[in-house]
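Below, each chain spelled out in residue letters.
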Amino acid sequence: MAAQKDRWVSSLVFLLFCASSIPKCARASLQQEPSPQHYFSGLEAGKTSLAFFTPSVSPGAQPFLEHVESSAEALQDYGVSVVRVNCPKEDVSRYCGKENALRKAFLFRGNRLIREFPTDALFDVDSIVANVLFALLFNEVKYIETLADLENIENVLKGKSNMVFAYVPATGTAEHRAVMEAAFVYGTIHQFVLTTEAALLKATSHDDPDVSSAWLLFCHCQRATEPAQPCRRTALAQPLTLLSIHRHLKLMGAPLVTEVAEDPEKISTVHLQLGLPLVFILSQKETYEADRRTAEFVAWQLLGKAGVALLSRDLVDLNVLQRSNVALKTPEEGMPIQYLVLEDTDEVITLVEDKSKVKQIQEDEQEEEEDEDEKENNNQDIQDDQVVEAVSRDKKRELPLEQILVLTEENFHSSLSEAARTVVLFYASWEAVSLAVLRSYSEVAALLKGTPGVLLSRVNCWDWPGLCSQENVTQFPTMRIYKEGQQSVTYGGMWGTEELSSFILLSHLSCPLKLATMDEAEGYLRGEFPPQLSSHHHHPSLLGVFSTATSEAREAFEEAGNILSGHVRMGMYFEDDALALSRKYSVSPPALLLARSGGRSVEGIALSKHSVQDMVQMIRYELLDVFPEITVTNLPQYLQLRKPFLILFSAGDISQMESKEMLKLAKGRRQQAFVACWLNLQRTPVGHGILRSYFSTTPSLPVLLWVNLHAGGQVFRFPPEHSITEVNVLSWLEKLQAGLEIPSSTLSEEDWKPPLPAYNFLQMMEPAMPELSPHPGDSPAQHPPNSPGGDTAGGDTATREEPSQEGTAEEVGSPGRGLRGTAPRLAARDRQGKRHSEL
């Protein structure tokens, strides 16, 4: 590696020498001029010099002179000579006057002054070289301050050339010098852009960057052929030096994917020369197009970390296993090429980033071959249960349950009657989902600690089966809120901390909440009233407005509130000035006012149907987001609409332009046509599995799809060469509906069920312990119910087990296709769960 590094340095120095048009001496030194007249008379056209004027005797200038003298050699590489001009005592001209002598340095090209520098800005060699080159390259290196400036430059460069965007905390630093020296060499190839604005750096990054360090991004604008297509950006991962910039630009200039047709042992690319590995995607004629897309996707993910080559089996006779689909060549001499069988593009990326994975993958493959027959015979012993695995992994972690009251048969009814509202969690201490929910429940207790009128309690049905049977608890876990020990409401949502706490707080209030004054109604819409819900202002608020003549609609609204209690913020206003309030939002009573984002957006909705069922359905529909981000939590709500999905998959947050165009589509076609939505793969990584069930490999992102899960299961892909605009998408949808588009894939029509039936733990235990009772006096009939995952009589979805993210991928897509043994149509590997004996 040391020899390679020397070659890089030599190459770069050679470039710098070629860039300079003046002959070199063995060592440049500070030039001396006896007087200003002598200096100016000797200036040549086109020659650049940095001059400072000083009296003959000046001890205070000694540190500055040392820095200037040290910079003379570095500046001579760029054709800049450094000159010290002596000022005679009697000379009081512009350059030798008291205001300039020793206080400024002057940069000349010929006899024309380019820039003058205060000497306190030239505090060392780096600052001198950086500032001089910054002045010389003023027209080549653009300095910007805002994100709009950066986007304007990107728009100009799209389809033409690439950009190097650098952030330095301050000018005159070593990093600033490195950027300027690189710009001197590469400025005719790439557009260089510089900033010192920390806010601009943060605006260009999805993470929270360290603004005290320098950053450099290579922006691939030449590949952006459409005006709306963003420039991809690849960050320099190493500390910013001249050598690391040179190396990064070399890598960015290399082909994204190299197609090779010879023995991999003989292949040498710029990546190997720079000490990086080379990944070969093994292809064949029948799968070339898919393999090429896979190689390009992997290459973008590994850009700057490894090279990617596409190797055709049809052209090269490889003496390796036919099912091998990836090869890895490392830069170390004498190391053999590793041929592997991978089924996921994530595995390829991990392979490069974690070298120990090579050996592990090879061992897994060998183990898999040896145990293949055994696994087929023992499938019934395998339970794919991520909840059990997670609980088992964290079983030594004690939960903070001090804030939760323990209820038993002795104190259950007395405790409920003492409080106005009591929250009770019924669970089983042996059951994995119960233990997982108990963790969320303990977090809710900490979050709501000190909230007046909220009492959290729990009942372990394994200890008190008679009590749970008496309360008709038919599945675990179940959460109920008891009002004055009598009437109860069963929770019907997801088991996350935020969802549970929101349900408890909303259930504490009347639903709908009756508002007495116009000020209360306006405060309610802004999320400020009632005060105990002010911290939940990000939830939408729904206000029903009624006049005295609309009693039927008001009664239906009140009944709908009882049904939706705990799930929706509902208020009601029917005072004399209700007409004035509704007209403010362009509706007349009876009407709904829907406030989002703390009242910044209030929508007026006329109430045309007055039946309770219609009103509940309407409220649930109106509360859905116009252009939602799909997550594991909210996906069921949108699937229940049974509409096609127009869904945008993105590697992070979508751009403002994409959001704006998609919002237009959502608002324009909201009337029962389709669900326009998006999915962030960073926040919802299960999206990778969804895309792999639609395609053989994960496509380049962002990707816009039309998915009709409820009619044919066809998946259509919006053409990636077109920008995502309202006009383009509507035109594509018209072709799609006319049958002019070919689906990218069609999902399987078979039911999406678990591969194996769930274990019935109680049934397994009963034969061994038929008479077992936790407490004296309990009869066998008082055991917990036979099916811990069984449905309630009412079909309530609240107490079903929350699906894991992997499970959600299988629900939305079809089962992954097994592509092992072919060219690298990389598909997701089936991951087996723990055996019950291990848990």
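Please read all numbers here as calculations on a predicted model, not as lab measurements. (Residues numbered from 1 in each chain as written. Predicted model: local features only at pLDDT ≥ 70, side-chain atom pairs only at ≥ 80, totals over all residues. Heavy atoms only, no water.)

Undergrad: Hey, could you run me through the overall build of the protein chain in this one?
TA: Helix and strand counts for the protein chain come out as 27 helices and 30 strands. Counting only residues that meet the buried cut, the protein chain has 46% of its 839 residues in that class. In the protein chain, the share of contacts with a sequence separation of at least 24, taken over all contacts with a separation of at least 6, comes to 73%. (Helix = DSSP H or I, 4+ residues; strand = E, 2+ residues; numbered from the N terminus. Buried < 20%, exposed > 50% of the residue type's maximum accessible area, 1.4 Å probe, protein only. Contact = heavy atoms within 4.5 Å.)

Undergrad: Is there a simple way to think about the pattern of salt bridges in this case?
TA: As enumerated under the stated definition, the model contains 14 salt bridges in all. In this structure, Lys-664 engages Glu-661 in a salt bridge whose closest nitrogen and oxygen atoms are separated by 3.5 Å. One end of the pair, Lys-664, and the other, Glu-661, are both in helix 23 (residues 656-668), 3 residues apart, so they sit about a helical turn from each other. Through salt bridges that share partners, Asp-126, Arg-177 and Glu-181 make up one connected network. (Salt bridge = Lys/Arg side-chain N within 4 Å of Asp/Glu carboxyl O.)

Undergrad: What am I meant to see in the nonpolar core here?
TA: Of all hydrophobic cores here, the largest spans 70 residues; its most connected members are Leu-50, Val-132, Phe-192 and Ile-245. Residues in contact with Ile-245, not counting those within four places in the same chain, are Ala-178, Val-179, Ala-182, Leu-216, Leu-236 and Leu-240. Counting 22 residues, the second largest nonpolar core, distinct from the first, contains Leu-425, Leu-448, Val-454 and Phe-503. (Core = buried A, V, L, I, M, F, W, Y, C linked by side-chain atoms within 4.5 Å.)

Undergrad: Could you clarify how one ought to interpret the packing of aromatic side chains in this entry?
TA: Think of a pair of aromatic rings as described by two things: how far the centres are apart, and how the planes are tilted against each other in angle. Taken as a whole, this structure holds 20 aromatic pairs when the rule is applied. With 6.3 Å between their ring centres and 25 degrees between their planes, Phe-40 and Phe-53 make a pair best called stacked. Here Phe-53 lies in strand 2 (residues 48-55) and Phe-40 lies in helix 2 (residues 36-41), a separation of 13 residues in the sequence. Under the relative-accessibility criterion, Phe-40 is labelled partly exposed at 28%. An angle of 80 degrees between the planes, with centres 6.4 Å apart, marks the rings of Trp-430 and Trp-462 as edge-to-face. (Phe/Tyr/Trp six-rings, centres within 6.5 Å; stacked < 30°, edge-to-face > 60°.)

Undergrad: Explanation requested: the confidence of the model for the protein chain in the structure shown.
TA: Low pLDDT means the predicted atomic positions in that stretch should not be read closely. Looking at the protein chain, pLDDT values average 78 and 78% of them are 70 or higher. Here residues 1-26 scores under 50 on pLDDT; set against residues more than four positions off or in separate chains, the count is 37 contacts. Low pLDDT, under 50, characterises residues 375-383; the stretch is placed with 16 contacts to residues that sit more than four places away or in other chains. (pLDDT = per-residue confidence, 0-100.)

Undergrad: Where do I start with the packing of helix 19 (residues 551-564) against helix 21 (residues 612-622) in this structure?
TA: Between two packed helices, the angle of one axis relative to the other and the distance separating the axes together describe the packing. Helix 21 packs onto helix 19 with a crossing angle of 60 degrees between their chain directions and a minimal axis gap of 9 Å. Compared by their axis directions, helix 19 and helix 21 come out oblique. For the pair helix 19 and helix 21, the crossing hand works out as right-handed. In contact with Ala-553, Ala-556, Phe-557, Glu-559, Ala-560, Ile-563 and Leu-564 of helix 19, helix 21 contributes Val-612, Met-615, Val-616, Ile-619 and Arg-620. For the contact of helix 19 with helix 21, a count of residues per class yields 10 nonpolar, no polar and 2 charged. (Axes fitted to C-alpha atoms, helices over the stretch in contact; angles between N-to-C directions. Parallel < 35°, antiparallel > 145°, perpendicular 65-115°, else oblique. Left-handed = near helix turned anticlockwise from the far one by under 90°. Nonpolar A, V, L, I, M, F, W, Y, C, P; charged D, E, K, R; others polar.)

Undergrad: Would you mind showing me how to read the sheet that holds strand 1 (residues 31-33) here?
TA: Pairing between sheet strands relies on hydrogen bonds along the backbone, with the strands arranged either parallel or antiparallel. Spatial strand order, 1-3-2-4-5: 5 strands in an open sheet with mixed pairing. Sheet topology places strand 1 and strand 5 (112-118) at the edges, where each strand pairs with a single neighbour. Ignoring which end each strand starts from, the neighbouring axes of this sheet average 30 degrees apart. For strand 1 and strand 3 (residues 80-87), the ladder comprises 3 bridges, and the chain directions are parallel. The partner of Gln-32 across the bridge, within strand 3, is Arg-84. Lying over the sheet, helix 4 (residues 125-136) contacts strand 2, strand 3, strand 4 (104-109) and strand 5, oriented at roughly 145 degrees with respect to strand 5. (Pairing = 2+ DSSP bridges.)

Undergrad: Help me understand helix 24 (residues 686-694) in this model?
TA: One turn of the α-helix equals 3.6 residues, which is why residues spaced by three or four share an orientation. Within helix 24, 7 of the 9 residues are buried, which leaves the element mostly enclosed by the surrounding structure. Here helix 24 has its buried residues at Val-686, Gly-687, Ile-690, Leu-691, Arg-692, Ser-693 and Tyr-694.

Undergrad: Which parts of the structure should I look at to understand helix 5 (residues 147-157)?
TA: Within helix 5, burial applies to Leu-150, Ile-153, Glu-154 and Leu-157. Buried residues of helix 5, viewed axially, fall in a sector of 100 degrees; they line one side. Buried residues along helix 5 sit in contact with strand 6 (141-143), strand 7 (163-167), strand 8 (191-195), strand 9 (215-220) and strand 10 (232-235). (Arc of directions from axis to C-beta.)

Undergrad: What exactly am I supposed to notice about the pairing of strand 5 here?
TA: Remember that side chains alternate between the two faces of the sheet whenever the strand is regular. Note: strand 4 against strand 5, 6 bridges, orientation antiparallel. For Lys-104, the partnering residue across the bridge sits in strand 5 and is Pro-118. Taken together, strand 4 and the strand that follows it, strand 5, pair antiparallel across an intervening segment of 2 residues, in which Gly-110 is found at a positive phi of about 65 degrees.

Undergrad: Help me out: how do you make sense of the packing of helix 15 (residues 432-447) against helix 17 (residues 497-507) in this one?
TA: Following both chains from N to C, one finds helix 15 and helix 17 inclined at 55 degrees, their axes separated by 9 Å at the closest point. When the axis of helix 15 is compared with that of helix 17, the two are oblique. Crossing of helix 15 over helix 17 shows right-handed handedness. In this structure, helix 15 contributes Ser-440, Tyr-441, Glu-443, Val-444 and Leu-447 to the contact, and helix 17 contributes Thr-497, Leu-500, Ser-501 and Ile-504. Its residues assigned to classes, the contact of helix 15 with helix 17 comprises 5 nonpolar, 3 polar and 1 charged.

Undergrad: Please explain the sheet that holds strand 29 (residues 714-717) as it appears in this structure.
TA: Across the sheet, 5 strands lie side by side as 27-26-28-29-30; this open sheet has mixed pairing. Strand pairing shows two members of the sheet lacking a second neighbour, strand 27 (675-680) and strand 30 (745-746), which therefore form its edges. One ladder, built from 5 bridges, connects strand 26 (residues 645-650) with strand 28 (residues 703-707); its direction is antiparallel. Directly across from Phe-645, in strand 28, lies its bridge partner Val-707. Each of strand 26, strand 27 and strand 28 touches helix 23; the most contacted strand, strand 26, lies at about 170 degrees to it. Here helix 25 (residues 726-737) sits on the sheet in contact with strand 26, strand 28 and strand 29, set at roughly 35 degrees to strand 28.

Undergrad: Even after reading the chapter, I still don't get unusual backbone geometry, so can you show me in this structure?
TA: Note: most peptide bonds trans; most residues except glycine with negative phi. A cis geometry characterises the amide bond from Phe-476 onward to Pro-477, with omega recorded as -10 degrees. Among the secondary structure elements, Pro-477 is positioned in the loop between helix 16 (465-470) and strand 19 (478-483). In this model, Pro-589 is joined to Pro-590 through a cis peptide bond whose omega is -5 degrees. Secondary-structure assignment places Pro-590 in the loop between helix 20 (578-583) and strand 24 (591-596). Phi is positive for Ser-586, which is not a glycine, with a value near 65 degrees. Relative to the helices and strands, Ser-586 resides in the loop between helix 20 and strand 24. A positive phi angle is found at Arg-642, which is not glycine, with a value near 55 degrees. Relative to the elements of secondary structure, Arg-642 occurs in the loop between helix 22 (635-639) and strand 26.

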